[in-house]
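Topology and contacts: notes
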Amino acid sequence: MRRGGSGLAAALPLLWLAVFFAFPFMLVGRLSLSDTALSIPPYTPRIDWNQGIAGLQTFARGLDIEAYARLISDTLYLDAWLSSLRLAGIATVLLLIIGYPIAYGISRCPPALRQALVMAVILPFWTSFLIRIYAWIAILKPAGVLNIALGALGLPPVDILNTEIAVLLGLVYAYLPFMVLPLYAVLDRQDHSLIEAAQDLGATPFSAFWRVTFPLSLSGAAAGALLCFIPMSGEFVIPDLLGGSETLMLGRVIWTEFFANRDWPAASAVAIALLATLLVPILLFERQQKQVIA
Amino acid sequence: MNRWSRGIGLLAALALAACTPKSDGAAPTAAAGGVLRIYNWSDYIDPALLAEFTKETGIKVTYDTFDSNEVLETKVLQGDTGYDVVVPSNHNLPRYITAKAVLPLDKAQLPGLANLSPETVAHMAAFDPGGAYAVPYMQGTIGIGYNEAAVAKRLPGVKIDSWAVVFDPANLAKLKDCGVYFLDASEDMYAVTLNYLGKDSNSKVPADYEAATALLLKARPFVRKFHSSEYIEALANGDICVAVGYSGDILQAKARAEEAKTGVKIAYAVPKEGSQVWFDVFAIPKDAPNPAAAHKFIAFMLRPEIIARASNFTRYANANAAATPMVEAAIRDDPNVYPTPELSKRLFVTTTKDQALLRDVNRQWTKVLTGR
């Protein structure tokens, strides 16, 4: 009985993954091996099901790795990849530095206030993401809110819209809840008697935090970091709206391949390459989680 | 020709790339004449005209908008869009025809074709021989939009009538502090850059594009941003002083600045070296659910009194010669909208590039944008 129940419970996420991840992933993978064509749909080969096995064989012979060869032959893709990872990496570090004290502070509040504060972290999600990013344009533009405020304080204006600084600001702002919530979940669950025990044994409040609370919260930090890092490295909207023309990120490269070049195979190959490189941190996280459980 | 936000385009593309189910093109045909689905550029028709069409024919209109040729073409070439009328630009049309993505028109149902201006028909011949697949709707040019006072202060005595204003680094250096925007549209920008360099704006020679890239890379340090729609608002607000942009968009910025009464005066110039003229055309996708309604709509838009009102709304010139006297005088007599014969001689059209050249040109454009 119990076994049957858990089997069913496992089937649901598996089915979800199969339908919404594995199947689309296969489609994209197959596209990345195709060639562009001026037809509907704009790639070749297509499977001719009427020919049965022969159709499948013809299809398989039409596949090639030309799109991947291009990824290696032009340094643009490597540059874009490194630049995406660099921006996502810097933003993740900033998010940890900003998110940790927030999550820690909330977890140490009285329960009623805690709920209100968690709600406050989630609240911005009730406004459209696009509108929140557009709001940053109004804040950062040359005659925007930020420079009016700086002017009122007698400080010189700053011109950061359309720079990497603006992109990092936007990334940190948009992804902060994804960092705070997993950290908070871990910190909130922590057994407070551990801290009391540490203090009974002579630890100062700081060393109790550093040697007990902090190591125990690392799994939350890792979860938050991955939740932020992975989508940020493929982020498109924030660099497009807040970044300058020179902000090179893979999202933009995929857009150019897909729309400007009408080259679906190349766009798919870039997407697959990005996914493959992101698997590394995911697998590392997986291992770390296993160690925590062990 | 607004490219409002690529973000939306990407989201839409991801949604369709994730294997969209068959569009609900065959929605219940409640009204007597069925449903007509139109996919057009944003802010590109007077909504009153659609209501009038429904009243006259009983055909209900569903109207969606896009903001770039790239998004439109990607959608149409995916197939099963469910749209009956789409509005690509001239230089993209041959790709639709080659891909067999559009239906040949039934000209017997389009008596208004005789109203089209012979000049436009001649321009379109290169893209759609004999007008078999498309009917021109509106046309516009690429040129320089500028803040009169801000530019006069930085370039005293200089007449803004040459591409040198935006392509000569010496001029750009003086304009940098007040803000310069270029279009982020590789084909359009290369066409006008090649023309400025005295080369064929439709060159097929990679070396020509490399020369254009070298010039654009020299201009790049002085350009605040490459973007295809932000400049409308930025010009109107006085945030920037020069933009290379589309005629209708810059005239829209001018109108907005006048409405806001901020004292910002925007002007538009088609440079003397010549510029690109483009046409947006009505076409019917191959798998359109209701091609009969599509023909009725195109016939409706070919009526002079109707298309004249469309131009009054969009501030773009239409392709209908019989309609010109009915267009508001302020628009009809504005050479920036209806080019004078003298100006027309300096306008050229951009032809379609093959896949290899398109990829090469876009790769060079990425180099202009990112320096890499």
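Residues numbered from 1 in each chain as written. Chains lettered and ligands numbered in written order. Predicted model: local features only at pLDDT ≥ 70, side-chain atom pairs only at ≥ 80, totals over all residues. Heavy atoms only, no water.

Describing the overall build of chain A
A tally of helices and strands in chain A yields 14 helices and 2 strands. Across its three principal axes, chain A shows a C-alpha extent of roughly 75 × 70 × 35 Å. By the burial criterion, 40% of the 294 residues in chain A qualify as buried. Long-range pairs, those at least 24 residues apart, make up 71% of the contacts in chain A with a sequence separation of at least 6. Side chains of chain A give 17 positive and 18 negative charges; the mean places of these two sets differ by 8 Å. (Helix = DSSP H or I, 4+ residues; strand = E, 2+ residues; numbered from the N terminus. Buried < 20%, exposed > 50% of the residue type's maximum accessible area, 1.4 Å probe, protein only. Contact = heavy atoms within 4.5 Å. Lys, Arg positive; Asp, Glu negative; His and termini not counted. Charge placed at Lys NZ, Arg CZ, Asp CG, Glu CD.)

Overview of the environment of A:V180
Residue and element names in this part refer to chain A. Here V180 shows up in helix α8 (residues 164–189). For V180, a relative accessible area of 2% gives the class buried. A sequence separation of 17 residues divides V180 from T163, and the C-alpha atoms of the two residues are 26 Å apart.

Section: the packing of helix α6 (residues 129–140) of chain A against α8(A)
All names here are of chain A. Packing of α6 against α8 brings their axes to within 11 Å, and their N-to-C directions diverge by 140 degrees. Between α6 and α8, the angle falls in the class oblique. The chirality of how α6 crosses α8 is right-handed. From α6, F129, R132, I133, W136 and L140 reach across to α8, where they touch A166, L169, Y173 and A174. Among the residues forming the contact of α6 with α8, the class breakdown is 8 nonpolar, no polar and 1 charged. (Axes fitted to C-alpha atoms, helices over the stretch in contact; angles between N-to-C directions. Parallel < 35°, antiparallel > 145°, perpendicular 65-115°, else oblique. Left-handed = near helix turned anticlockwise from the far one by under 90°. Nonpolar A, V, L, I, M, F, W, Y, C, P; charged D, E, K, R; others polar.)

Focus: the state of the cysteines
Residue and element names in this part refer to chain B. Under the defined criterion, the tally for this structure stands at 1 disulfide over all chains. Disulfide partner of C178: C241, at an S-S distance of 1.9 Å. Across the S-S bond linking C178 and C241, the dihedral sits near 50 degrees, which makes this disulfide right-handed. Placement of C178 in the loop between α8 (169–175) and β5 (180–182) and of C241 in the loop between α11 (230–237) and β7 (242–246) is noted, with a sequence separation of 63 residues between them. We classify C178 as buried; its relative accessible area is 10%. (Disulfide = S-S within 2.5 Å.)

Considering the packing of aromatic side chains
Residues and elements named next belong to chain B. Going through the model one piece at a time under the given rule, you end up with 33 aromatic pairs over all chains. Plain terms: the ring middles of Y44 and Y137 are 5.3 Å apart, the flat faces sit at 85 degrees to each other, and that makes the pair edge-to-face. On the criterion of sequence distance, the pair formed by Y44 in the loop between β1 (35–41) and α2 (47–57) and Y137 in strand β4 (residues 135–147) is long-range, its members being 93 residues apart. The residues Y44 and Y137 share a single accessibility class, namely buried. Geometrically, the ring pair formed by Y190 and Y209 is edge-to-face, given 5.6 Å between the ring centres and 65 degrees between the ring planes. (Phe/Tyr/Trp six-rings, centres within 6.5 Å; stacked < 30°, edge-to-face > 60°.)

Remarks on the interface of chain B and chain A
Taken together, the contact between chain B and chain A spans 45 residues of the former and 38 residues of the latter. If you look at where chain B meets chain A, you find 6 salt bridges. Between A:E257 and B:R359 there is a salt bridge, with the nearest N and O atoms lying 2.6 Å from each other. In this assembly, chain B and chain A are joined by 10 residue pairs in polar contact (both at pLDDT 80 or more). At the level of elements, α1 (6–17), α3 (69–78), α4 (93–98), β6 (225–226), α11 and α17 (355–370) of chain B are the ones that each hand at least two residues to the side of chain B that touches chain A. (Salt bridge = Lys/Arg side-chain N within 4 Å of Asp/Glu carboxyl O. Polar contact = N/O pair within 3.5 Å; in protein donor to acceptor, adjacent residues only side chain to side chain.)

With respect to the pairing of strand β2 (residues 60–66) of chain B
For a regular strand, the rule is simple: side chains alternate between the two faces of the sheet. Residue and element names in this part refer to chain B. As judged from the 7 bridges shared by β1 and β2, these two strands associate in the parallel manner. Its bridge partner lying in β2, L36 is registered against V61. Running through α2, the crossover from β1 to the neighbouring parallel element β2 is right-handed. (Pairing = 2+ DSSP bridges. Right-handed = clockwise from strand over helix to strand, strands pointing away.)

Quick look at the domain arrangement of chain B
Residue and element names in this part refer to chain B. Along its sequence, chain B is carved into domain 1 (6–140 + 279–339) and domain 2 (141–276 + 351–370). Averaged C-alpha coordinates put domain 1 and domain 2 at centres separated by 27 Å. With 12 residues of domain 1 at the interface, the matching set in domain 2 holds 19 residues. Summing both partners gives a buried area of about 1,200 Å² for domain 1 against domain 2, and 49% of it is carried by carbon and sulfur. It is H91, R95 and N336 that lose the most area in domain 1 upon contact with domain 2, and together they represent 42% of the buried surface on that side. (Domains from an automatic or database assignment. Buried area = accessible area lost by both parts, 1.4 Å probe.)

Digging into the side chain of B:S186
Mapped onto the elements of the fold, B:S186 is located in helix α9 (residues 186–196). Residue contacts for B:S186: discarding those within four places in its chain leaves B:N362 and B:W365.

What about the nonpolar core?
All names here are of chain B. Counting residues in hydrophobic clusters, the biggest one holds 184 residues, and the most contacted among them are L36, Y137, F182, Y231, F297 and M301. Viewed by domain, this core spans two of them, domain 1 (6–140 + 279–339) and domain 2 (141–276 + 351–370), each represented by three or more residues. Apart from the residues within four sequence positions on either side, M301 is in contact with I45, L49, Y137, F282, I306, I307 and A310. (Core = buried A, V, L, I, M, F, W, Y, C linked by side-chain atoms within 4.5 Å.)

Things to note about the pattern of salt bridges
Taken as a whole, this structure holds 20 salt bridges over all chains when the rule is applied. With a shortest N-O distance of 2.9 Å, B:E52 and B:R309 are connected by a salt bridge. Residue B:E52 is located in helix α2, and its partner B:R309 is located in helix α14 (residues 304–314); the two are separated by 257 residues in the primary sequence. Salt bridges sharing common partners tie together A:E66, A:R70, A:E257, A:D263 and B:R359.

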